[in-house]
Amino acid sequence: MYEYKTVNNFLWITLLYAVTAFVPVYGQEGEVLLPFRFPFPDDMDKVERLDFDKDGDPDAIRYTIHGGIPVMWVDDDDDMKANDWEGDIDNDCVLIDRDKDGTFAGPWDFSVDYGDENGDGVADVQLVVGNGDSAVRNEWDWAADIMWFIDDGEQDANFAYVDWNKIDLKCWEHYGHANFYADYHGQTTFTKMNVSSFRMHDFRYSWENPFYFFDMDGDTHSEMAIRLEDTPVFKNKPEGINGRVDNSLFKDLDEAIDVTFIGVLDKGYISFDLDNDNAPSNEFDFDMSLQFNGEHGYDYNHMKRPFSSIDGLKAADTLMFDSRWRHLSELVYPTRDASRDILFKDGNWEACWFVFDEDDDCARWERVELLQPKELFKTGMRNEGLDHNPQADEIGDRGEFDLDNSGKGNLYIAPFDGRMHLYGAEWGAWRIDQDAYSYQGYGGLYDRSGYVRSQLKAPRFGTVKYSDTDGNGFIDLLEYDLNGDTLFEHNLSFKALGIEDTNEIISMQTTDYKVLSELYQKMGDAIWDKGQRALATLEGFGLNTAWYAFYKQPKSLREKYSYGYWINFYCYWDLRKFFEKTGDQDMVVATDKAFLSGKWEALPKKK
């Protein structure tokens, strides 16, 4: 069973049904080595073979594992041999009666179904159905999973990661920083819903529907990810539960059904590894994400994908509590080719959020998690601050918020910092983590981490706030809190200094990953070049730049992007302080203008 605890207002669920009398017979069944293969039968002599169609070969195999947990393999492709003791994992289904109540695919039970679409002997589809408690009604069940993995051409037979000792889905387990055992790598697709199967209406739909990973250069790593969400409708939804409300949809459904879908996306996300620096030991290194929100974002009910291998052997249904998910001919979700246009062209979105991983410490598999337009200086999970989302980086990221989606997710490069910004954003903020002290990594939150972030909490941090005061879609006011006291001690106004704030807009609808990556390369080079011009300007006024020797030695594109920024920033403050100390107020103003415009050459030369 599971133990339920409330931690930080979130339900935290611990698996308790682990077999206590079971004595491991080999390494994978212990508590040290990772279990990758399905457990062997407790007793090979007690393997039961069932011949439903009386044709002389088995159609199902039953036995127990882990000292008494019943399992049944169902042979969906009719290739099981008389002496087989387990099914295959190309087109069969395994059912596990985790709670040992004598029924498969019921409360607390776990099932994995495989489908071979092209008949080549390699699975193309995997469905994992992990059920929770029947007492959970009308809401999410975070102890339950309904998850489809779909191979989009890789033919690697790698899907979800299941811990076969705990008999549970563990898709966040990984090696090193971000080498996840679940197949988030390369060209792959999954859909996911957290509810027990016997509470769900139509298995063709899902909540994360779908989650696409894109291998843009054929290196088996993911350079781009898109997640589309269709928030479910819960019957008699309790207050405070995330979900849509429409009880009329349940009028003609079985009383046991608590959740259904309307086939309309209300959230969409896209993430980019702009410098394409993912590699072994750095498998996930997304740099930038966009999120689109809108109750009527996109109706995808017409996007039906047929499957030939997910309609299983019906003769086994009588042994199952709920077999509906075994008999499908299609799934309904937006196509891979259409997913980007849904975000930037075809969707009816009401808001767009943007985040950039400025401290380059995010190793999450799905995206750089979005900051939210909440309290500027509040920190912590579910604490109504920018990092309200538990998956967000507490400090180090830069978020910007277009609250009416007037900019349609488009971007621009601002002269004052040379970075990408969200066109149409009313405001934004960057919590500075200059040396990635509060290192995020994959983020924590799961199993071995407990429901806490794995990063260090910084006692103080600097903040830059960005505002568009005239509503033209471009930042025109910068406010700085550089001593961490939550008060802005310095500001720069484009209007006050007579500087134009408009810039060339980057159309995300027409800018593909290759062009965007090339643009990032040019952006990094330009930031570095501006830093060199700032150094030359500083030296022109007799100020020593050797203090910044570290930042003069970038070893990658990302370091040119980051080091160039800090060189430019430090040079600005050195010059400003120098002119303040020497009593030259005109040059203080001129330095502000040179910094905001990005034109150090416009600063009057030393007399």
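## With respect to the pairing of strand S15 (residues 208-214)
Phase 1: Summarising burial for S15: seven of the seven residues are buried, a large majority.
Phase 2: Bridge count between strand S14 (residues 188-193) and S15: four bridges; the pairing is antiparallel. Following the sheet pairing, Phe-190 is matched in S15 by Phe-211.
Phase 3: Relative to strand S16 (residues 224-229), S15 is paired through five bridges, and the arrangement is antiparallel. By the bridge assignment, Phe-213 is partnered in S16 with Ala-225.

## A closer look at the packing of aromatic side chains
Phase 1: Scanning all chains against the criterion turns up 59 aromatic pairs.
Phase 2: With centroids separated by 5.6 Å and ring planes inclined at 20 degrees, the aromatic side chains of Phe-356 and Tyr-561 adopt a geometry described as stacked. Note that Phe-356 is positioned in strand S23 (residues 351-356) and Tyr-561 in helix H4 (residues 557-581), a separation of 205 residues in sequence.
Phase 3: For Tyr-561, a relative accessible area of 1% translates into the label buried.

## A short note on the sheet that holds strand S26 (residues 420-422)
Phase 1: Sheet architecture is open: three strands sit in the order S26-S25-S31, paired in antiparallel fashion. Two strands close off the open sheet at either side, each with one partner strand: S26 and strand S31 (505-506).
Phase 2: Relative to the sheet, helix H3 (residues 513-540) contacts strand S25 (411-413), S26 and S31, its axis offset from that of S26 by approximately 120 degrees.

## Notes on the side chain of Thr-537
Phase 1: By the secondary structure assignment, Thr-537 is in helix H3.
Phase 2: Of note is the side chain of Thr-537, whose polar atom sits 2.8 Å from the backbone oxygen of Arg-533.
Phase 3: What Thr-537 contacts, discounting residues up to four positions off in sequence, is Leu-575, Trp-600 and Leu-603.

## Topic: the pattern of salt bridges
Phase 1: Counted under the stated rule, the structure contains 42 salt bridges.
Phase 2: Among the ionic pairs, Asp-258 bridges to Lys-235, the shortest N-O distance being 3.5 Å. Remark: Lys-235 occurs in the loop between strand S17 (233-234) and strand S18 (259-260) and Asp-258 occurs in the loop between S17 and S18; sequence separation between them is 23 residues.
Phase 3: The shortest N-O distance in the salt bridge between Lys-374 and Glu-384 comes to 3.2 Å. Of the two residues, Lys-374 sits in the loop between S23 and strand S24 (398-402) while Glu-384 sits in the loop between S23 and S24, which places them 10 residues apart along the sequence.
Phase 4: Residue class for Lys-374 comes out partly exposed when judged on its relative accessible area of 29%.
Phase 5: One network of salt bridges, with partners in common, ties together Arg-137, Arg-199, Lys-235, Glu-255 and Asp-258.

## So, the pairing of S24
Phase 1: Burial within S24 is extensive, with five of its five residues counted as buried.
Phase 2: Sheet topology places S23 next to S24; five bridges connect them, and they run antiparallel. Counted as the bridge partner of Cys-352 is Asp-402 from S24.
Phase 3: As paired strands, S24 and strand S27 (residues 427-432) are joined by four bridges and run antiparallel to one another. Each residue of the ladder has a partner; that of Arg-398, found in S27, is Trp-430.

## Side note on H3
Phase 1: For H3, spanning 28 residues, the distance from its first C-alpha to its last is 40 Å, which sits close to the expected 40 Å at 1.5 Å a residue.
Phase 2: Backbone geometry just after H3 places Gly-542 at a positive phi near 80 degrees.

## Thoughts on the side chain of His-174
Phase 1: Secondary-structure assignment places His-174 in strand S12 (residues 174-175).
Phase 2: There is a polar contact of 3.3 Å between the side chain of His-174 and the backbone oxygen of Gly-176.
Phase 3: With residues near it in sequence (within four places) discarded, His-174 still touches Asn-179, Phe-180, Tyr-181 and Tyr-442.

The rules behind these values
Residues numbered from 1 in each chain as written. Predicted model: local features only at pLDDT ≥ 70, side-chain atom pairs only at ≥ 80, totals over all residues. Heavy atoms only, no water. Buried < 20%, exposed > 50% of the residue type's maximum accessible area, 1.4 Å probe, protein only. Helix = DSSP H or I, 4+ residues; strand = E, 2+ residues; numbered from the N terminus. Pairing = 2+ DSSP bridges. Phe/Tyr/Trp six-rings, centres within 6.5 Å; stacked < 30°, edge-to-face > 60°. Contact = heavy atoms within 4.5 Å. Axes fitted to C-alpha atoms, helices over the stretch in contact; angles between N-to-C directions. Polar contact = N/O pair within 3.5 Å; in protein donor to acceptor, adjacent residues only side chain to side chain. Salt bridge = Lys/Arg side-chain N within 4 Å of Asp/Glu carboxyl O. Expected span 1.5 Å × (residues − 1).

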